[in-house]
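Summary of structural features
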Amino acid sequence: MRRISVILLSATLLLGVTTISPTTTDAAAKKFANCTELNKTYKGGVAKAANIKNKGGKTKYTPFVSKEIYNANIKSDRDKDGIACEK
């Protein structure tokens, strides 16, 4: 009886794992028209990595970290420090 339970449990886990498809982040990162629009959603701007330091000095808010969103709005990074629209 125990052997049947183990086989049944193993089969259930195997089928459950194989039928779940991995989620992909194919959704395009939102491109904002300007910094005013971007700052409505991300007050501190968007950084491409967590270890990026702001060249412009002190900022009021911490930037949101997302490489995809940063790359979509790279034109808004005027000082080329890796943070778009920092405030």
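Residues numbered from 1 in each chain as written. Predicted model: local features only at pLDDT ≥ 70, side-chain atom pairs only at ≥ 80, totals over all residues. Heavy atoms only, no water.

**Section: the overall build of the chain**
- Assigned secondary structure in the chain consists of three helices and three strands.
- In the chain, the succession of helices and strands from N to C terminus is α-α-β-β-α-β.
- Here the analysis covers contacts within the chain between residues at least 6 apart in sequence; of these, 56% occur between residues at least 24 apart.
- On the chain, roughly 6,900 Å² of surface is accessible, and the fraction owed to carbon and sulfur atoms is 60%. (Helix = DSSP H or I, 4+ residues; strand = E, 2+ residues; numbered from the N terminus. Contact = heavy atoms within 4.5 Å. Areas by Shrake-Rupley, 256 points an atom, 1.4 Å probe, with all protein chains shown as cover.)

**With respect to the sheet that holds strand E3 (residues 83–84)**
- As summarised here, the arrangement of the three strands in space is E2-E1-E3, forming an open sheet in which the pairing is mixed. Edge strands, defined here as strands with exactly one partner in the open sheet, are strand E2 (64–65) and E3.
- Note: strand E1 (residues 46–47) against E2, two bridges, orientation parallel. Its bridge partner lying in E2, alanine 47 is registered against valine 65. (Pairing = 2+ DSSP bridges.)

**Overview of the nonpolar core**
- Core analysis: the biggest nonpolar cluster contains nine residues, these being Phe32, Cys35, Leu38, Tyr42, Val46, Ile69, Tyr70, Ala84 and Cys85.
- When contributions to this core are tallied by element, the ones reaching two or more residues are helix H2 (35–41) and helix H3 (67–72).
- Filtering out sequence-adjacent residues up to four positions away, phenylalanine 32 remains in contact with Glu37, Leu38, Thr41, Tyr42, Asn73 and Lys75. (Core = buried A, V, L, I, M, F, W, Y, C linked by side-chain atoms within 4.5 Å. Buried < 20%, exposed > 50% of the residue type's maximum accessible area, 1.4 Å probe, protein only.)

**Things to note about the confidence of the model for the chain**
- With 84% of its residues at a pLDDT of 70 or more, the chain shows a mean pLDDT of 83.
- For residues 18–26, every residue scores under 50 in pLDDT, and the model assigns this stretch zero contacts once sequence neighbours within four places are set aside. (pLDDT = per-residue confidence, 0-100.)

**Description of unusual backbone geometry**
- In this structure, lysine 80 takes a positive phi of about 55° despite not being glycine.
- Along the chain, lysine 80 turns up in the loop between H3 and E3.
- Overall, the relative accessible area of 59% leaves lysine 80 in the exposed class.
- Of note in this structure, cysteine 85 is not a glycine but carries a positive phi near 60°.
- In this fold, cysteine 85 is placed in the segment after E3.
- Judged by relative accessible area, which is 5%, cysteine 85 ranks as buried.

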